[in-house]
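Understanding the architecture of this molecule
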Amino acid sequence: YKLSIAPEMDIMEYCRKEWRGNTPVAKTMRKGYEAVAQKFASIRRVRGDNYCALRATLFQALSQATQLPNWLQSEEFTMLPESLLSKYDWIKQWQLKEKLGRKMGEITEEIKEYLILLRKKWKNISEIKGPIEKQEACDKLFKNEDEEYSLYEALKFLMLNTAIELYNDDKNGRRVPVFSWLLFARDTSSNPCQLMHNHLNHIGHSGGLEQVEMFLLAYALQYTIQVYRLYKHSTDEFITLYPNDPEEDWPVVTLITEDDRHYNIPVGMCQETML
């Protein structure tokens, strides 16, 4: 097996290894890592394929899960593929794990299986009390390629569902978050069908998540994703929140990026020392 999330490594040690030179970029990165090291002790490298934003976010969410989110508990949750496909014929073109040409019924059943797997794994891991055992369960899950990639398909489908909801809300004159306008202002995704064809179908295959899709992921999971964007150190965007006006009751996961394309995860929050 390939390990999707590497073991912990001291953050500053990692930084020294990766950024040795004296170029302006190296200096910025070192300052960025120093700032992260004020809060976190270690870093875990995330495998760098086009799923890395989904992988890093889901790993962090599961690592700290103590309960099943409300949206995962609802009866309608596993009926999503059926209800969406009955309304939107174009979802038949959903690309599942690089396999094309499935019939509509097969797609429905397969996505339903992925959603059930997501609920099951989330429930099991959130019920583990000990932090070490919880971490071991997460590590084990992210070594199982088949299950891991099935979970990403579930996340992508939830992103599509959220996009459809936002698009319809906007059309019906309801208030939507600003990122939703940006999402559908792109030439390549002026509606959910285009978003699926030109973006979601490619995630994990030929492309990762763009910035505006990080917002969509956050909304789909009802999590705030906090990202240390190291190359933006000493600017207002160094710590970016998706969404930038998060709901108060949404849990927060933290990621690190050097370039907005690849994401790693900081672990081991430093205990504030008492003077």
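Residues numbered from 1 in each chain as written. Predicted model: local features only at pLDDT ≥ 70, side-chain atom pairs only at ≥ 80, totals over all residues. Heavy atoms only, no water.

For the protein, an unreviewed UniProt entry supplies the name OTUL thioesterase and the organism Pluvianellus socialis. For the protein, the Subcellular location (unreviewed entry) comment in UniProt is given as "Cytoplasm". (UniProt positions renumbered as here; feature names shortened; annotations may be inferred.)

This part takes up the pairing of strand β2 (residues 40–44). Of all the five residues making up β2, four are buried; the element is thus mostly covered by neighbouring parts of the structure. Pairing between strand β1 (residues 9–10) and β2: two bridges, direction antiparallel. For M9, the partnering residue across the bridge sits in β2 and is I43. In terms of strand pairing, β2 meets strand β6 (residues 263–269) through four bridges, oriented antiparallel. Across the sheet, I43 pairs through a bridge with P266, a residue of β6. (Buried < 20%, exposed > 50% of the residue type's maximum accessible area, 1.4 Å probe, protein only. Helix = DSSP H or I, 4+ residues; strand = E, 2+ residues; numbered from the N terminus. Pairing = 2+ DSSP bridges.)

All right, on to helix α9 (residues 178–185) then. Those residues of α9 not exposed but buried are F179, S180, L183 and F184. Looking straight down α9, one finds that the buried residues subtend no more than 130° of arc, so they occupy a single side. Exposed and facing more than 90 degrees away from the buried side of α9 are V178 and A185. Those residues of α9 that are buried lie in contact with α8 (145–171), α10 (192–198) and α11 (211–221). (Arc of directions from axis to C-beta. Contact = heavy atoms within 4.5 Å.)

Looking now at the environment of N70. Structurally, N70 can be placed in helix α4 (residues 70–73). By relative accessible area, N70 is classed as exposed at 63%.

Once that is clear, we can look at the nonpolar core. What tends to happen in soluble globular proteins is that the nonpolar side chains get buried as a cluster. Membership of the largest hydrophobic core comes to 74 residues, with the highest contact counts inside it found for W94, L118 and W122. With 13 residues, the single largest contributor to this core is α8. Leave out the neighbours within four places in its chain, and W122 touches L58, A61, L62, A65, Q67, L68, P69, W71, L72, L221 and Y223. I11, V36, L230 and I256 belong to the second largest nonpolar core, which has 13 residues in total. (Core = buried A, V, L, I, M, F, W, Y, C linked by side-chain atoms within 4.5 Å.)

What follows is about unusual backbone geometry. Here the bond from Y242 into P243 is cis, since omega is -10°, no more than 30 degrees from zero. Within the secondary structure layout, P243 lies in the loop between β4 (239–242) and β5 (252–257). For S234, which is not glycine, the phi torsion reads 65° and is therefore positive. If you check the backbone angles, D260 has positive phi at about 65° while not being a glycine.

Within the UniProt annotation, "active site" (unreviewed entry) is assigned to D49, C52 and H262. Sequence-wise these annotated residues cover 214 residues; spatially they are packed, their C-alpha atoms never more than 8.4 Å apart. One can find D49 in the loop between β2 and α3 (52–63). With residues near it in sequence (within four places) discarded, D49 still touches R55 and Y149. Following the sequence through the fold, C52 ends up in helix α3. We classify C52 as buried; its relative accessible area is 3%. When sequence neighbours within four positions are dropped, the list of residues in contact with C52 reads V46, R47, R261, H262 and Y263.

Looking now at the packing of α9 against α11. Across the interface, α9 lies against α11 with an axial gap of 9 Å and an inter-helix angle of 130°. Taken together, the axes of α9 and α11 lie oblique to each other. In this structure, α9 meets α11 at a crossing whose hand is left-handed. Contact with α9, carried on its side by F179, L182 and L183, involves V212, E213, F215, L216 and Y219 of α11 and no other residues of that element. Looking at the contact of α9 with α11 residue by residue, the classes come out as seven nonpolar, no polar and one charged. (Axes fitted to C-alpha atoms, helices over the stretch in contact; angles between N-to-C directions. Parallel < 35°, antiparallel > 145°, perpendicular 65-115°, else oblique. Left-handed = near helix turned anticlockwise from the far one by under 90°. Nonpolar A, V, L, I, M, F, W, Y, C, P; charged D, E, K, R; others polar.)

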